[in-house]
Amino acid sequence: MKVAIIGTGYVGLPTGVGLESLGHDVTCIDCDREKVEKLRAGVVTLFEEGLEDLLKSGLQSGRLTFTDSMEQGVREAQLILLAVGTPPDRQTGQADLRHLFGAVKQLAPFLSSDVVVAVKSTVPVGTGDEVETLLRRLNPTAHVEVISLPEFLREGYAVHDFFHPARIVVGTQSGRARELIRELYAPLPNVPRFLFVSRRSSEAIKYASNAFLAVKIHYINEMADFCEAAGANIHEVAQGMGLDSRIGPVFLRPGPGYGGSCFPKDTKAIDHMAHKLGVELSLIRAAIKGNKKRRENMAQRIMKEVEDIPSPKIAIWGLAFKEGTDDCRESPAVEIVQRLANHHVDVCVYDPQAMTTARRILGDSVRYAPDMYSAAQGADVLAILTEWPQFDAADWKRVAGGLRSRHILDFRFFKKR
Ligand code: NAD
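Residues numbered from 1 in each chain as written. Predicted model: local features only at pLDDT ≥ 70, side-chain atom pairs only at ≥ 80, totals over all residues. Heavy atoms only, no water.

A closer look at the site of the ligand
For the ligand, the set of nearby residues contains 28 residues, the closest of which are Asp 30, Lys 35, Thr 86, Glu 155 and Lys 265. For the ligand, a nitrogen atom lies 3.4 Å from a polar atom in the side chain of Ser 261. Burial of the ligand by the protein amounts to 90% of the accessible area it has alone, namely 830 Å². Tallying contributions element by element places helix H5 (residues 98-107) first for the shell around the ligand, with 3 residues. A breakdown of the residues in the shell around the ligand according to their chemical character gives 10 nonpolar, 10 polar and 8 charged. Counting the residues that make up the shell around the ligand, at least three belong to each of domain 1 (2-197) and domain 2 (206-290). (Near = heavy atom within 4 Å. Polar contact = N/O pair within 3.5 Å; in protein donor to acceptor, adjacent residues only side chain to side chain. Areas by Shrake-Rupley, 256 points an atom, 1.4 Å probe, with all protein chains shown as cover. Helix = DSSP H or I, 4+ residues; strand = E, 2+ residues; numbered from the N terminus. Nonpolar A, V, L, I, M, F, W, Y, C, P; charged D, E, K, R; others polar. Domains from an automatic or database assignment.)

Below, the structure written as structure tokens:
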């Protein structure tokens, strides 16, 4: 099948290389020319386990191409996947659809007569209707079906999740579009579970899922505070809760708050949508507020450890919003570091993958260490903010030998070191 993917970010790139490896002809289009040049040269532009190998083999096969030309990319495509960013509006929190509608306007003149346009980006309920109306207006002769095909991959596991999706939700009433999507994923190693629903339901499933997970994280974080105050162990409590099949064991790990490019923006966007519709989503609102507060609290707790020390040094392990990725968008760790740097203390940071992405945000406000042990050297307190397994498996004798005092705030594994 000839597939065009618009946007080669954390969703578009793993999807593009994955689809090529299933045997499809894939053209990835991105307006960022520098990114396109790198990808053409086989250089990955983001960190995901297994991505580089797939990119290289895809380029070698000749079935995977990259371009910044919309015309070249979509002219012959049977299926066009829109995977551009939908960031939050800073003022209102609603999804900013500028990139999405920008891409739709650019592709409209080049549509082939029989094409399915699938919106993979996370978009407010009803966006598919607007995309369809716009495409029909801009190109009345093309026979185009607009469907919703939300993405559920987890950053840090994007390649794995592409090949092993828990479900593929397809929002369409069109039989032709359903068949095309079945055909698209037919070569996957295991037959995925398809859920065919209306376009609006499909758009809502994505928001409802992310908001639920954000609330679950917020819940366990509040329980962690409760357990700490009550003298209980949150890990034991979470284990006991997770054995109940109605609760389940995942997403019960406390931390410095949820982050990344999805949960913060999607909770705000669904809250905004609901408000416009006159519906109150009080749980989601509480999670948004509590999550913000948690980051402030974590920074305060670190500062408290060094309040009596003149010219304190703080070591930070972890900058990415979670392990397995270099993504620092809305990372609690980065926000906590920013708050610490605002107190003009000496902060030295280390992350196995996210140093470059973090530096774009933090600039010269902190020092960057070449490895985790150097970061901890001479520090008065060490805070662990991202759940990289190598941090848990550190040589703790070596760490203790380097620290000025043995204050370790483990906000991820919650272990006594
Ligand atoms: P991203 O910012 O990493 O990538 C978006 C890409 O689109 C960028 O490379 C950008 O240059 C490109 N782009 C923007 N406008 C374009 C245009 N007109 N033509 C061509 N390219 C254009 O974003 P992302 O993290 O991949 O997220 C994409 C969408 O998928 C969002 O709606 C997001 O909410 C959703 N989503 C993301 C994840 C995730 O884990 N990141 C998971 C599920 C869903």
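From this point, things continue past the structure.
Brief notes about the packing of H5 against helix H6 (residues 127-138)
For the pair H5 and H6, interaxial distance at closest approach is 10 Å and the crossing angle is 25 degrees. When the interaxial angle is binned, H5 and H6 end up roughly parallel. At the point where H5 passes H6, the crossing takes the right-handed sense. Touching Leu 100, Phe 101, Val 104, Lys 105 and Leu 107 of H5 are Thr 127, Glu 130, Val 131, Leu 134, Leu 135 and Leu 138, all from H6. Taken together, the residues of the contact of H5 with H6 sort by class into 8 nonpolar, 1 polar and 2 charged. (Axes fitted to C-alpha atoms, helices over the stretch in contact; angles between N-to-C directions. Parallel < 35°, antiparallel > 145°, perpendicular 65-115°, else oblique. Left-handed = near helix turned anticlockwise from the far one by under 90°. Contact = heavy atoms within 4.5 Å.)

Structural notes on the packing of aromatic side chains
Scanning all chains against the criterion turns up 8 aromatic pairs. Measuring from centroid to centroid gives 5.0 Å for Phe 162 and Phe 163, while their planes differ by 90 degrees, and the two rings are edge-to-face. Look at Tyr 258 and Phe 263: their rings are 6.3 Å apart centre to centre, the planes differ by 70 degrees, and that puts the pair in the edge-to-face class. Comparing Tyr 258 with Phe 263, the two get one shared label, buried. Geometry around Phe 194 places Arg 182 over its ring, the cationic atom sitting 5.2 Å from the centre. Sitting over the face of the ring of Tyr 373, Arg 398 holds its NZ or CZ atom 3.8 Å from the ring centroid. (Phe/Tyr/Trp six-rings, centres within 6.5 Å; stacked < 30°, edge-to-face > 60°. Buried < 20%, exposed > 50% of the residue type's maximum accessible area, 1.4 Å probe, protein only. Lys NZ or Arg CZ within 6 Å of the ring centre and 35° of its normal.)

So, the environment of Glu 183
With respect to the helices and strands, Glu 183 occurs in helix H8 (residues 175-185). On the basis of relative accessibility, which here comes to 46%, the residue Glu 183 falls in the partly exposed class. Here the alpha-carbon distance between Glu 183 and Met 1, two residues 182 residues apart in the chain, equals 8.4 Å. The contacts of Glu 183, once residues within four sequence positions are left out, are Met 1 and His 24.

Let's talk about the domain arrangement of the protein chain
Here the domain parsing of the protein chain yields domain 1 (2-197) and domain 2 (206-290). A separation of 29 Å is found between the C-alpha centroids of domain 1 and domain 2. Taken residue by residue, the interface counts 16 residues in domain 1 and 10 residues in domain 2. For the pair domain 1 and domain 2, the two sides together bury roughly 1000 Å², of which 61% comes from carbon and sulfur. (Buried area = accessible area lost by both parts, 1.4 Å probe.)

What about the sheet that holds strand S11 (residues 367-368)?
The 5 strands lie next to each other as S11-S10-S9-S12-S13, forming an open sheet whose pairing is parallel. Sheet topology places S11 and strand S13 (407-410) at the edges, where each strand pairs with a single neighbour. With respect to the sheet, helix H12 (residues 282-305) is in contact with strand S9 (313-317), strand S12 (381-384) and S13, its orientation differing from that of S13 by roughly 170 degrees. (Pairing = 2+ DSSP bridges.)

Brief notes about the pairing of strand S10 (residues 346-350)
Most of S10 is tucked away, with 4 of its 5 residues classed as buried. Pairing geometry for S9 and S10, over 5 bridges, is parallel. Counted as the bridge partner of Ile 316 is Val 349 from S10. Assessed by its sense of winding, the connection that carries the chain from S9 through helix H13 (residues 332-342) to S10 is right-handed. Relative to S11, S10 runs parallel, the two being bridged by 2 bridges. By the bridge assignment for S11, Val 349 is matched with Tyr 368. Viewed along the sheet, the connection from S10 through helix H14 (residues 355-362) into S11 turns out right-handed. (Right-handed = clockwise from strand over helix to strand, strands pointing away.)

Side note on unusual backbone geometry
In the Ramachandran plot, Ser 311 falls in the positive-phi region, its phi being about 45 degrees despite a non-glycine side chain. As for its placement among the helices and strands, Ser 311 is situated in the loop between H12 and S9. The residue Glu 330 is not glycine, and still its phi comes out positive at about 55 degrees. Among the secondary structure elements, Glu 330 is positioned in the loop between S9 and H13.

Looking at the side chain of Glu 387
Residue placement: Glu 387 occurs in the loop between S12 and helix H16 (389-392). Residue Glu 387 is classed as buried on the basis of its relative accessible area of 13%. Among the polar contacts listed, one links the side chain of Glu 387 to the side chain of Arg 253, at a separation of 2.6 Å. Apart from the residues within four sequence positions on either side, Glu 387 is in contact with Arg 253, Glu 323, Arg 412 and Phe 413.

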